[in-house]
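Here's the letter readout for the chains.
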Amino acid sequence: MERVRRLARAALGVYVKEMKIWLRYPTWIFAFIALPYMLSGLFNGIGYSIAGPRAVENFARNTGVSNPFLFYTLGTALLLATEVLLQDVAYSIRSEQLLGTFELHYLAPAPTWLIWILYLFPHSTIMVVVLLATTLPVLAFSGVLSSPIDFLYACSVLALGMLPLLGIALALAALVVRYKEPGAVVSLVQSVVILLSGYFYPLTVFPAWVSALSQVLPTTHVISILRSLLLAGEGVSPLDRRLLTLLALAVAYPVIGLYSYRRWESEARRRGELSKY
Amino acid sequence: MEEAIVAEGLVKVFYTKERKSLFRSVKRRVEALRGVSFSVRRGEIFGLLGPNGAGKTTTIKILSTLLLPDAGEAWVNGFHVVKEASRVRECIGVSLYSDRGFYWKLTGRENLRYFAYLYQMPRREAEKRINEVLKLVGLENDADRLVEEYSTGMKSKLNFARALLHDPPILFLDEPTIGLDPASARRVRELILEMKRQGKTVLLTTHNMFEAELLCDRVAIINRGRIVAINTPSELKRRVGRNNVVEVEALNIPPSAAEALSSVRGLRRIYTRIRDPASSMGELRLIFEDGVDDLGDVLSAISRAGMKVLSVKIVEPTLEDVFIELTGEKLGES
């Protein structure tokens, strides 16, 4: 119990510190507010310019959703959440390396991998608050939020979908500890996730082998389940194949991520890499 | 356990890459530590004195669990630095950089608060301790300013405060006064002595012989990854011998000064320190085997070499003389 209390103190420290730093650079909040609508407008514009007046009709036929604005707003909100989660640990570590504070965390008794994961919470809090504030009105206005139970179910699916992303984030963080350069790999992984998750189109537009490949991404299942629940008004059984796959990924990816991080961390202690930046 | 720190046969090898061209690099093996052994008694200030690259920081990083040794073992406060790393971390305070390692967008107090929480201190205890250490280092009036507004000296004091935050019995200080102005350096030295008065054990690294003499109860002279001597500063200086060192201040000191004076009787070693390259003005430091027989002989040899003598003094040996005596190198050379 005392151990948990001590870890809670470390968690509080990370939370308060990151909140303060983020709120002293407040401009990104406006980006979170604006981006879902901006991107949604962008895709609608592209759709109309390609398909002309029949764009909405084609869209409904291909996606099963009649409101493209809603479809893209939800897709962009999820995309933002995913991207922040994927890059946050890696970029936080990079920032600590440059400040000279990274190595200092290894002088404290708290386990460092846990500290880096804790960095996600303050960022996620702000992101979730902003995204809910911006997308909930649209969802409510569109009549999507008719069932609060479905909405809570959707939130639980979202939370479950974040766990495998944590695992990927830790694996990316391991690369930063080793190579001190998050940009290239993080961008590459983010591009694959954006391309194969189906944020902005149904994955049926791709050949079968691409759709099969996309099944290893947790985001593919999250977006598919959320669309069923919120946009198509379909129920999703707890034994749904997508939900079970997501559950398996939520166990496997954090284990792989933690193993990779701890392995590179130990290697960094052996090679004297902790102090390099 | 009488000893606060014990190191036995520490070995550390690094592999670095030397870039020869865009695509070609050569791996180089650097032996940072070659069997370093020493122990530090409780309550003493122990100095690791050596030039840059001697292995001082590597030793501190192994002892503070940041680096794994390739061979050898070490214990801090009775805990093994590899097998009981988290127990070691609980009882050490470490100051590694004088002006890095802070969150610039947080105040000094907020920085300390964050590290207090990382050390898992209860909130009330943390606040009390933060106020104590801020007062101790003299930052209480600047505690609520952002660190980006701090001077180098203030950051150094904050760094020191952070090392003391959880009131550890053992402190590791890596070059604690490097880059500081004389007044700030003096304040940091006073703080180190205050820590000793409080009963803490301090292991500090320095290449500043004056600092080592002033602060340390015992000094280990380290060079090229090996400890070449350990003793009290006065015992170490006794190796060179009283009345064996002559300091000559002169003009026009040629690069071949040592060669020109090699014929002086009883001269064991000579080294020069140029202060003004334009006039080649500086000091010649002559170490004799067994006292100075004839200063006239020395002065004539200096004149013959074209130098103009400004002053001559028989001086007490310094730790730098000891270092040169033991290694044949100047502190800044390795």
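Basis of the calculations
Residues numbered from 1 in each chain as written. Chains lettered and ligands numbered in written order. Predicted model: local features only at pLDDT ≥ 70, side-chain atom pairs only at ≥ 80, totals over all residues. Heavy atoms only, no water. Helix = DSSP H or I, 4+ residues; strand = E, 2+ residues; numbered from the N terminus. Buried < 20%, exposed > 50% of the residue type's maximum accessible area, 1.4 Å probe, protein only. Contact = heavy atoms within 4.5 Å. Buried area = accessible area lost by both parts, 1.4 Å probe. Salt bridge = Lys/Arg side-chain N within 4 Å of Asp/Glu carboxyl O. Polar contact = N/O pair within 3.5 Å; in protein donor to acceptor, adjacent residues only side chain to side chain. Expected span 1.5 Å × (residues − 1). Pairing = 2+ DSSP bridges. Axes fitted to C-alpha atoms, helices over the stretch in contact; angles between N-to-C directions. Patch = residues over 30% accessible without salt bridge, like charges linked within 9 Å, V, L, I, M, F, W, Y side chains within 5 Å. Areas by Shrake-Rupley, 256 points an atom, 1.4 Å probe, with all protein chains shown as cover. Core = buried A, V, L, I, M, F, W, Y, C linked by side-chain atoms within 4.5 Å. pLDDT = per-residue confidence, 0-100.

(A) Summary view of the overall build of chain B. Tallying secondary structure elements over chain B gives 11 helices and 14 strands in all. Projecting the C-alpha coordinates of chain B onto the three principal axes gives extents of approximately 70 × 55 × 45 Å. For chain B, the proportion of its 334 residues judged to be buried stands at 52%. Long-range contacts, defined as pairs at least 24 residues apart, comprise 70% of the intrachain contacts of chain B with a sequence gap of at least 6.

(B) Fine view of the interface of chain B and chain A. Counting residues at the interface gives 36 residues for chain B and 36 residues for chain A. When chain B packs against chain A, close to 3300 Å² is buried across both sides, 58% of that on carbon and sulfur atoms. Our count for the chain B to chain A interface comes out at four salt bridges. Note that Lys61 of chain B and Glu103 of chain A form a salt bridge whose closest N and O atoms lie 3.0 Å from each other. Between the two partners, chain B and chain A, sit 19 residue pairs in polar contact (both at pLDDT 80 or more). Elements that contribute at least two residues to the side of chain B that touches chain A include exactly β1 (3-19), α2 (85-90) and α3 (108-118) of chain B. If one sorts the elements of the side of chain B that touches chain A by residue count, α3 of chain B sits on top with six residues.

(C) Structural detail: helix α5 (residues 152-164) of chain B. Between the first and last C-alpha of α5 of chain B there are 19 Å, a value that for 13 residues agrees with the 18 Å anticipated at 1.5 Å per step. Burial analysis of α5 of chain B places 12 of its 13 residues in the buried class, which makes it a mostly covered element. When α5 of chain B is considered as a whole, its buried residues turn out to be Gly153, Met154, Lys155, Ser156, Lys157, Leu158, Asn159, Phe160, Ala161, Arg162, Ala163 and Leu164 of chain B. Check the buried side of α5 of chain B and you find it contacts α5 (102-105) of chain A together with β6 (92-95), α3, α4 (123-137), β7 (170-174) and α6 (182-197) of chain B.

(D) Fine view of the sheet that holds strand β12 (residues 267-276) of chain B. Residue and element names in this part refer to chain B. Pairing is antiparallel across the open sheet formed by four strands, whose spatial order is β12-β13-β11-β14. At either margin of the open sheet sits one strand with a lone partner, and together these are β12 and β14 (308-315). Averaged over all neighbouring strand pairs, the angle between strand axes comes to 20°, with direction disregarded. Taken together, the seven bridges between strand β11 (residues 245-251) and β14 define a ladder with antiparallel strand orientation. Bridge pairing links Val246 to Ile314 in β14. On the sheet, helix α11 (residues 319-327) packs against β11, β12 and β13 (281-288) and is oriented at approximately 125° with respect to β12.

(E) Broad picture of the side chain of Gln190 of chain A. Residues and elements named next belong to chain A. Secondary-structure assignment places Gln190 in helix α9 (residues 183-197). The buried category is assigned to Gln190, whose relative accessible area is 11%. Among residues more than four places away in sequence, those in contact with Gln190 are Glu83, Leu86 and Gln87.

(F) Molecular detail of the environment of Arg273 of chain B. Residue and element names in this part refer to chain B. On the secondary structure map, Arg273 appears in strand β12. Residue class for Arg273 comes out partly exposed when judged on its relative accessible area of 32%. Not counting residues up to four positions away in its chain, the partners in contact with Arg273 are Met209, Gly282, Glu283 and Glu320. A distance of 2.5 Å separates polar atoms of two side chains, one belonging to Arg273 and the other to Glu320.

(G) Spotlight on a nonpolar patch on the surface. Residue and element names in this part refer to chain A. Together, Leu42, Ile46 and Ile50 make up a nonpolar patch on the protein surface, roughly 300 Å² of accessible area in all. Within the secondary structure, Ile50 sits in helix α2 (residues 27-51). The exposure class assigned to Ile50 is exposed, which follows from its relative accessible area of 70%.

(H) A look at the nonpolar core. Core analysis: the biggest nonpolar cluster contains 155 residues, and Ile115 and Tyr261 of chain A together with Ile5, Phe38, Phe172 and Leu203 of chain B have the highest contact counts within it. The element contributing the most residues to this core is helix α8 (residues 148-179) of chain A, with 14 residues. Dropping the residues within four chain positions of it, Leu203 of chain B is found in contact with Ile5, Phe38, Val40, Phe46, Leu48, Ile60, Leu63, Leu171, Phe172 and Leu173 of chain B. Membership of the second largest hydrophobic core comes to 16 residues, among which are Val246, Val298, Ala301 and Ile302 of chain B.

(I) Looking closely at the confidence of the model for chain B. In the predicted model, chain B carries a mean pLDDT of 89, and 98% of its residues have values of at least 70. Taken over the whole predicted complex, pTM reads 0.83, whereas the ipTM for its chain interfaces reads 0.82.

(J) Structural context of the pattern of salt bridges. As enumerated under the stated definition, the model contains 44 salt bridges over all chains in all. One salt bridge connects Arg54 of chain A with Glu57 of chain A, and the closest N-O pair in it is separated by 3.1 Å. The partly exposed category is assigned to Arg54 of chain A, whose relative accessible area is 47%. With a shortest N-O distance of 2.6 Å, Asp167 of chain B and Lys200 of chain B are connected by a salt bridge.

(K) Quick peek at the environment of Asn44 of chain A. Residues and elements named next belong to chain A. Residue placement: Asn44 occurs in helix α2. Measuring from C-alpha to C-alpha, the distance between Asn44 and Ala55 comes to 8.9 Å, with 11 residues separating the pair along the chain. Excluding residues within four positions of it along the chain, Asn44 makes contact with Pro68, Phe69 and Tyr72. At 2.8 Å, the side chain of Asn44 forms a polar contact with the backbone oxygen of Ser40.

(L) Highlighting the sheet that holds strand β4 (residues 71-76) of chain B. Residues and elements named next belong to chain B. Here four strands make up an open sheet; going across it, the order is β2-β1-β4-β5 and the pairing antiparallel. The strands lining the two open edges of the sheet, one partner per strand, are β2 (25-41) and β5 (79-80). Where β1 lies against β2, 14 bridges are found, and the strand directions are antiparallel. Residue Val13 lies in a different strand from β2, and its bridge partner there is Glu31. Of the strands in this sheet, β1, β2 and β4 are in contact with helix α1 (residues 56-63), which crosses β2 at around 65°.

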